[in-house]
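# Examination of the molecular architecture
Residues per chain, in single letters:
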Amino acid sequence: MQTFAAQFANAHDLMVVMPMVMLTLFACGVLIIDLLLPAGDKRWNAATAALGLLFAGGSLWRVQATLAHQGMLGVSAFNGSVVMDPMAIFFCWLFLIATGITILISVRYMEIEQEDHGEYYALMLFSVVGMMCMASGKDIVLLFIGLELMAISTYVLVGFLRRDKRSNEAALKYLLLGAFSSGIFAYGLSLMYGLSGTTDVTLIGRRLAGLPESSHPILMLAVVTTLAGLFFKIAAVPFHQWAPDAYEGAPTAITGFMSVAGKAAAWALLLRIFAFALRYEQTIWMPMVIAVAVMTLTGGNLAAMTQNNLKRLLAYSSIAHVGYMLLGLVAWNETGIKGILVYLLVYTFMNLGAFAVIVSLRRRDLIGDEIDDIAGLWFKRPVEALLMVIFLLSLGGIPPLAGFYGKYFIFLSLIETGHYVLASLAVFYIAVSLYYYLRIINAMLMRPALDAEPIQPAFGLRLALWVTALATVGIGLFPEIFIRAAAWTMTAPRAVTQAFLR
Amino acid sequence: MMNTVPISWYLVLSAVLFACGVTGFIIKRNIITIFMSIELMLNAVNLSFVAFAYQWKQLNGEVFVFFVMVVAAAEAAVGLAIIISVFRTRETLSVDKVDLLKL
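Residues numbered from 1 in each chain as written. Chains lettered and ligands numbered in written order. Predicted model: local features only at pLDDT ≥ 70, side-chain atom pairs only at ≥ 80, totals over all residues. Heavy atoms only, no water.

Rules: UniProt positions are given in the numbering used here, feature names are shortened, and annotations may be inferred rather than shown by experiment.
As recorded by an unreviewed UniProt entry, chain B carries the name NADH-quinone oxidoreductase subunit K and is attributed to Candidatus Korobacter versatilis. Chain B has a UniProt comment under Catalytic activity (unreviewed entry) that states "a quinone + NADH + 5 H(+)(in) = a quinol + NAD(+) + 4 H(+)(out)". Recorded in UniProt for chain B, the comment headed Subunit (unreviewed entry) runs: "NDH-1 is composed of 14 different subunits. Subunits NuoA, H, J, K, L, M, N constitute the membrane sector of the complex."

Written out as structure tokens, the structure reads:
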């Protein structure tokens, strides 16, 4: 007879959630080690956090090996509330990579800001645990907890420069709008639970499909509120107001972290809800998604054109990128989902790279986030300027670089499903986006520097720059090799599509 | 049980509370009041979960309520800390005066 404890924490269940367990343990470890370290020698915190990522990666590899060995579509644990399927594992790798790069960027940056506390790395690891729950949760309770764990950790990280007025303000705005959107999202979940009588997303999907006509108004309300909450989290227009403020005020490394890892996590949650809970409700959500996608493309691109603050400009550009990904959702076929996943992967590298360059601009008395601050970078640090050009062109979707492949699959899926108008609109906005990316390039290469202060990026930052640049160029030049190396991961979109086509 | 209140009443109450929360969030100008409006929204969610859990004779919904309460508590702790740090640098609690970051 199994004891109560054994029933709820057997070895198999623990193996499945081991990446989260590892990260939690190491995050607590960082908090303890921080107490032992003398002030001004806090680098061991970052090292511990990085070690935690390695261990989490190792346990994730074990989960993946189990999955490949048994040839299954996913291993579930804890009575089916956690499922590690290829999509979840894909996202978990993405979070680990993004966090690793962010830690490399952060070490020297937080020392310059004189806020190099252990809590910074601990909160980052905690938020990754939340993201992993969002990617692997199959129960709305776990999905909600994961979302909140990520969000609450990020609120603190955004306001981490507590002596800086702008960081405070960004944290406040992010907190208020984030909590508001969580409330809306939870209300949608409560209605879905009420209509279906279960918290399992697969069962919710099945039971919502069998609802009688009379409960359709409530179903409508449930879908609309859930979607509004999700759109807030991925920062789609008209639910995007928090993003530019939070991105501008946050420590630059955290801006990069939020814009890639946080966004990917929100997308994981969104795909999970759409592919399972709402998979038969397409007639309700499709018009909303199309409208929001068009508004997001328009709003993000047009607002980015007039920005003079680099972080704010990249915030609006990241809103525009969400617009492209939403188009993959409009197509809603295998290519479209694959496009979203590839897009999130390449976006991680190119966007973190761009933010790493902005971090390197941090010098005495300068945050380095205005276009004027990047002027003349070519004459000071030609290598960094060249890498920034690569990142920006990749963000714009210029062919030999990684960013092209994200957009390629999205456009392909739109053509496949006959959305020609949307495809041409998206191509038009690529031209618009090139304008504001070229504005930064113009400032870097053509304009003289405004001050003579030298720019000396630290070792970790240079490493992060090279890793992201290599990935951006590498994925662009050899996409087949990457796809073959990630052949197993690429069953991810197939798993999702199989889930909703069946 | 002849005289129990029908579930629709609870749901309407929950919807009204939620609407009050949303309205308060939009029209109020004091940060603390806005924060209370958010708590009101979460409590509306709790009420609707409890009502549904009672209707379905299940514990899932009630378990969710506990998690929502935990989340609300954590959010209040972090939120009040952030509000205090904003107050320390600006000496105001009006959202209209917290406006360094603009278009």
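### Observations concerning the environment of Ile-475 of chain A
Threshold: Counting from the N terminus, the helices are the DSSP runs of H or I reaching at least four residues and the strands are the DSSP runs of E reaching at least two.
By the element assignment, Ile-475 of chain A lies in helix H20 (residues 459-477). Residues Ile-475 of chain A and Phe-404 of chain A lie 71 residues apart in sequence; the distance between their C-alpha atoms is 9.7 Å.

### A word on unusual backbone geometry
All names here are of chain A. What counts here: Each residue is assigned to one of three classes by its accessible area relative to the maximum for its type, calculated with a 1.4 Å probe on protein chains only: buried under 20%, partly exposed between the two thresholds, exposed over 50%.
Going from Val-237 to Pro-238, the amide bond is cis rather than trans, its omega being 5 degrees. Of note, the phi angle at Gln-114 is positive, near 55 degrees, even though the residue is not glycine. Locating Gln-114 in the fold gives a position in the loop between helix H4 (86-112) and helix H5 (118-136). Residue Gln-114 is classed as exposed on the basis of its relative accessible area, which comes to 58%. Here Trp-332, not a glycine, exhibits a phi torsion of approximately 50 degrees, which is positive. With respect to the helices and strands, the residue Trp-332 is situated in the loop between helix H13 (310-331) and helix H14 (334-360).

### Notes on the side chain of Asn-309 of chain A
All names here are of chain A. The cut-off we apply is this: We define a polar contact as two N or O atoms separated by no more than 3.5 Å, with the added condition that, inside protein, one atom must be a possible hydrogen donor and the other a possible acceptor, whereas residues neighbouring each other in sequence contribute only through side-chain atom pairs.
Note that Asn-309 resides in the loop between helix H12 (282-305) and H13. Given a relative accessible area of 6%, Asn-309 falls into the buried group. Among the polar contacts listed, one links the side chain of Asn-309 to the side chain of Glu-248, at a separation of 3.4 Å. A polar atom in the side chain of Asn-309 sits 3.2 Å from the side chain of Glu-370.

### Regarding helix H3 (residues 43-70) of chain A
Stated precisely, the cut-off is as follows: By this rule, a helix spans an expected 1.5 Å times one less than how many residues it contains.
Taking 1.5 Å per residue, 28 residues should reach 40 Å; H3 of chain A reaches 41 Å between its end C-alpha atoms and fits that length. Looking at the residues trailing H3 of chain A, positive phi occurs at Gly-71 of chain A, about 60 degrees.

### Notes on the side chain of Glu-115 of chain A
Residues and elements named next belong to chain A. With respect to the helices and strands, Glu-115 occurs in the loop between H4 and H5. Taking relative accessible area as the criterion, Glu-115 reaches 2% and is therefore assigned buried. At 3.2 Å, the side chain of Glu-115 and the side chain of Arg-163 are in polar contact.

### Description of the environment of Met-22 of chain A
All names here are of chain A. Rule in force here: Throughout, a contact is declared for two residues whenever any of their heavy atoms are within 4.5 Å.
Of note, Met-22 is situated in helix H2 (residues 11-36). The buried category is assigned to Met-22, whose relative accessible area is 19%. In this structure, the C-alpha to C-alpha distance between Met-22 and Ile-152, residues 130 residues apart in sequence, is 20 Å. If we ignore the near neighbours within four places in the chain, the residues touching Met-22 are Phe-55, Ala-56 and Ser-59.

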